[in-house]
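# Coordinate inspection notes
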Amino acid sequence: MLSKALKQLALAAAFALSATPAFNAAMAADLRIGMSADITSMDPHSVNITPNNNIGWHVFDALVHVDADARIVPGLAQSWRAVDDTTWEFRLRRNVRFHDGSPFTADDVLFSIERAEKLPNGQYASFVQRLTDRRAVDPYTVRVKTATPYAMVPYDLNSIFIVSKKAATGASPEDFNTGKAMIGTGPFRFTRFARGDRVELAKNPDYWGGSPAWDKVTFRIIPSDPARIAALLAGDVDAIEAIPTPDLARLRNDKCFRLAQKVSWRTIFFHADQYRDVSPFVTDRAGKPLPKNPLRDVNVRLAISKAIQRQAIVERVMEKDRKSTRLNSSHGYISYAVFCLK
């Protein structure tokens, strides 16, 4: 099972926008990033997977952002506070405009929350399901309520991209794919989406957070690990993400590259079927379910845990790279990105 991923830390693009001055100076006006997985939708409220979210963070903003050290920081909301046990108030930035020039207001926030909640087959409703009410106090103040005290409201709203009510009213996911509704307040404007090939973005010089370092960013879809590494070595791309473990040592020792890594909030774990008296997944040697679920016994679960050869995983699967492995029962997910400094 996967918990909520720290999207802007999980992929190279997030690192790319905050690369070192030396890296910036070495780069041309265009930045080319090799992605390990395809983007399935441009709609920021549709399919909740990391590649989609990664693009979303360049075109859109959320009320609350997360910095490189996993701390929540102001986004489109300059500040927020708990008014009482079940009410949160968000004060919005003023003078922010969408890419089409329309002003950002509380109406866009309310529209985005409702759209994320009600979009057919959308996968972001869980982040707003605890909100029992939401309203605009004024054009730059939003209040949301929960049925019971819930401290994670700001964190949950970090997952809701704010779209333009003007551009997205009645829009389908396909309208985002074509760019018709792909209007955000983020540091880059949407230019083109070629499914299975690339996404192209252009600089938003009027971004409230400061003008980006690059005029154009191209995300190239290169699912094959060897092909992605080859593209980097050949100079066809300037940065890649999801570095294959066998290549880590080589890239670390090459002065032409900078390897960046961060620990995110993402947690990956195996969940034992321990709550049912009889489990269909626990069988005898003949394949028949056992009359009693042994996973309900904590000693059985402990024995399974002890049987996992953690050191063997480190040495054989992770190529002895301990920095990229966390083998406790709950672990942080470390993401790698490489930038070409040539």
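To be clear, the structure that these remarks concern was listed above.
What counts and what doesn't
Residues numbered from 1 in each chain as written. Predicted model: local features only at pLDDT ≥ 70, side-chain atom pairs only at ≥ 80, totals over all residues. Heavy atoms only, no water. Pairing = 2+ DSSP bridges. Helix = DSSP H or I, 4+ residues; strand = E, 2+ residues; numbered from the N terminus. Axes fitted to C-alpha atoms, helices over the stretch in contact; angles between N-to-C directions. Contact = heavy atoms within 4.5 Å. Buried < 20%, exposed > 50% of the residue type's maximum accessible area, 1.4 Å probe, protein only. Arc of directions from axis to C-beta. Salt bridge = Lys/Arg side-chain N within 4 Å of Asp/Glu carboxyl O.

## Here we look at the sheet that holds strand E4 (residues 77-84)
Judged by pairing direction, the sheet is antiparallel, and its four strands sit side by side in the order E4-E5-E7-E6 without closing on themselves. Of all strands in the sheet, those with a lone pairing partner are E4 and strand E6 (131-138), marking the two edges. Between one strand and the next, the sheet's axes are offset by a mean angle of 20 degrees, whatever the strand orientation. Of the strand pairs in this sheet, E6 and strand E7 (residues 141-146) are connected by six bridges, and their pairing is antiparallel. Within E7, the position partnered with alanine 136 by the bridge is valine 142. Seen against the sheet, helix H5 (residues 106-118) touches strand E5 (87-92), E6 and E7 and runs at an angle of roughly 165 degrees to E6.

## Overview of helix H10 (residues 245-252)
If you check which residues of H10 are buried, you get Thr245, Asp247, Leu248 and Leu251. Down the axis of H10, the buried set is contained in an arc of 135 degrees. They therefore lie on one face. Of the exposed residues in H10, the ones pointing more than 90 degrees away from its buried face are Pro246 and Arg250.

## Regarding the pattern of salt bridges
Side chains carrying opposite charge are able to pair once their charged atoms draw close together. For the structure shown, the criterion picks out 15 salt bridges. A salt bridge links aspartate 67 to arginine 71; the shortest N-O distance between them is 2.8 Å. Notably, a salt bridge pairs arginine 81 with glutamate 89, separated by 3.1 Å at the nearest N-O pair. By relative accessible area, glutamate 89 is classed as buried at 2%. Via salt bridges that share partners, Arg81, Glu89, Arg91 and Arg143 belong to a single interconnected network.

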